[in-house]
Amino acid sequence: MAALHQTASVSLQTAFTGQALSVDGRRAARVSIAAPRPVAPARALLDDGGSVGIAVAGGGALAALATVLSLADPEKRRQKQAEEVGGDEKDAVRKYFNTAGYDRWRRIYGETDDVNSVQLDIRQGHAQTVEKVLKWLREEGPLDGVTVCDAGCGTGSLSIPLALEGATVYASDISAAMAGEGAERAKVALAEAKTAKQLVMPVFDAKDLESIEGKYHTVACLDVLIHYPQDKSDAMIAHLASLATDRVILSFAPYTPYYAFLKRVGELFPGPSKATRAYLHSEEEVEGALKKAGWRVVKKEMTGTKFYFSRLFEAVPI
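Quick caveat: nothing in here was measured; it's all calculated off a predicted structure. (Residues numbered from 1 in each chain as written. Predicted model: local features only at pLDDT ≥ 70, side-chain atom pairs only at ≥ 80, totals over all residues. Heavy atoms only, no water.)

1. Structural notes on the overall build of the protein
Along the backbone of the protein there are ten helices and eleven strands. A burial count over the protein gives 54% of its 318 residues as buried. Within the protein, counting contacts between residues at least 6 apart in sequence, those at least 24 apart form 73% of the total. Surface summary for the protein: the accessible area is close to 13700 Å², and the carbon and sulfur share equals 54%. (Helix = DSSP H or I, 4+ residues; strand = E, 2+ residues; numbered from the N terminus. Buried < 20%, exposed > 50% of the residue type's maximum accessible area, 1.4 Å probe, protein only. Contact = heavy atoms within 4.5 Å. Areas by Shrake-Rupley, 256 points an atom, 1.4 Å probe, with all protein chains shown as cover.)

2. With respect to the packing of aromatic side chains
Aromatic ring pairs are described here by two measures, namely the spacing of the ring centres and the angle between the planes. All told, the structure shown has four aromatic pairs when counted by the stated rule. Judged by centre distance (5.9 Å) and plane angle (20 degrees), the ring pair of Tyr170 and Tyr216 falls under stacked. With Tyr170 in strand E6 (residues 168-173) and Tyr216 in strand E8 (residues 216-221), the pair connects residues that are 46 residues apart, well separated along the chain. This pair shows no difference in class: Tyr170 is buried, exactly as Tyr216 is. (Phe/Tyr/Trp six-rings, centres within 6.5 Å; stacked < 30°, edge-to-face > 60°.)

3. So, the state of the cysteines
Simply put, disulfide is the name for a covalent bond between the sulfur atoms of two cysteines. Across all of its chains, the model carries zero disulfides by this definition. Among the cysteines around Cys153, which has no disulfide bond, Cys149 carries the closest sulfur, lying 9.0 Å off. (Disulfide = S-S within 2.5 Å.)

4. Focus: the pattern of salt bridges
One pass over the structure, following the stated rule, counts 20 salt bridges. Of the charged contacts, one joins Arg94 and Asp91 as a salt bridge, the two residues approaching to 2.5 Å between their closest N and O atoms. Remark: Asp91 and Arg94 occur in helix H3 (residues 89-98); sequence separation between them is three residues, near one turn of the helix. Through salt bridges that share partners, Lys90, Asp91, Arg94, Asp208 and Glu210 make up one connected network. (Salt bridge = Lys/Arg side-chain N within 4 Å of Asp/Glu carboxyl O.)

5. Some remarks on unusual backbone geometry
The phi torsion at Asp223 lies on the positive side, around 55 degrees, for a residue other than glycine. On the secondary structure map, Asp223 appears in the loop between E8 and helix H8 (230-242). With a relative accessible area of 1%, Asp223 lands in the buried category.

6. What to know about helix H5 (residues 117-139)
Look at H5: 33 Å from first C-alpha to last across 23 residues, which is about the 33 Å you get at 1.5 Å a residue. Where H5 begins, one side-chain oxygen reaches toward the backbone nitrogen of Val118, 3.0 Å away; that side chain belongs to Asn116. The positive-phi residue at the C-terminal boundary of H5 is Gly141, with phi of around 120 degrees. (Expected span 1.5 Å × (residues − 1). Polar contact = N/O pair within 3.5 Å; in protein donor to acceptor, adjacent residues only side chain to side chain.)

7. Some thoughts on the sheet that holds strand E7 (residues 203-206)
Taking strand neighbours across the sheet as the criterion, the seven strands line up as E7-E6-E5-E8-E9-E11-E10 in an open arrangement whose pairing is mixed. One side of each edge strand has no neighbouring strand; the edge strands of this open sheet are E7 and strand E10 (295-304). The average undirected angle you get between the axes of adjacent strands in this sheet is 15 degrees. Two strands pair when backbone bridges link them, and E6 and E7 are joined in this way by four bridges, in the parallel orientation. Bridge pairing in E7 links Ala171 to Phe204. Strand contacts of helix H7 (residues 176-192): E6 and E7, with the helix running at about 170 degrees to E7, the strand carrying the most contacts. (Pairing = 2+ DSSP bridges. Axes fitted to C-alpha atoms, helices over the stretch in contact; angles between N-to-C directions.)

Given below as structure tokens:
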């Protein structure tokens, strides 16, 4: 459902100008770190909750910030979040996307104007990822009758355009609220479609990834692996691959030292709605998991906006 924007909200400030980029329209609190010379502001990895200003600098200033980061303990907050739903991380994710997360991401994945600049940027980034997936699929020929599993479908941002092109889509999401929203949007979109094709209404189901069954020509899982640590993501990738006969498409928040550092900054300042962990994955680990499952990566793409980062793989059987 989400890429690197799942981490806490951070707005960036360059110390030498004093200009803050507020992510939610409110005055940002600031942590000032003096810079010896002008530096370009970094990109943030964030959700869209509370606003915190970070002065981005270099040299000794970054070392000082690193010390602050080392003293923070976001794990305690995460444990508390999980304990509220019985200690299960998956249940914490389900609860978030059925409550506060549902309202937020329903708006981000929609067309409403009721979004702030950060949410709009995330919407545009996610839309770019979806369009790249559709382009890849179209390159292989018409989608009429092609069976697709959209694992972690959210509100149907991929499922609906696939159905409009004639694909037979099974869409699942851990959140019943998100899957229900997707079903309602699909009904409207297909009813308004002007096409001679015999369109099939997507089947929306409230299931976690582990519970998906069946066989599909293509399995797509966009911006969901961010909820899975590496020790679980390998098994999940293998499971998704076992559902596909011809193609697996995955997007994930890529690990680099730079992104990891920014994610750590974000964890210092959780917004009021921050309720889930955010895991980064290296390309080598994801590609290795696919290879172990009998698949090879044949296409790669990267989407990067100010607040959205997502690596995209397409794999086929070895």
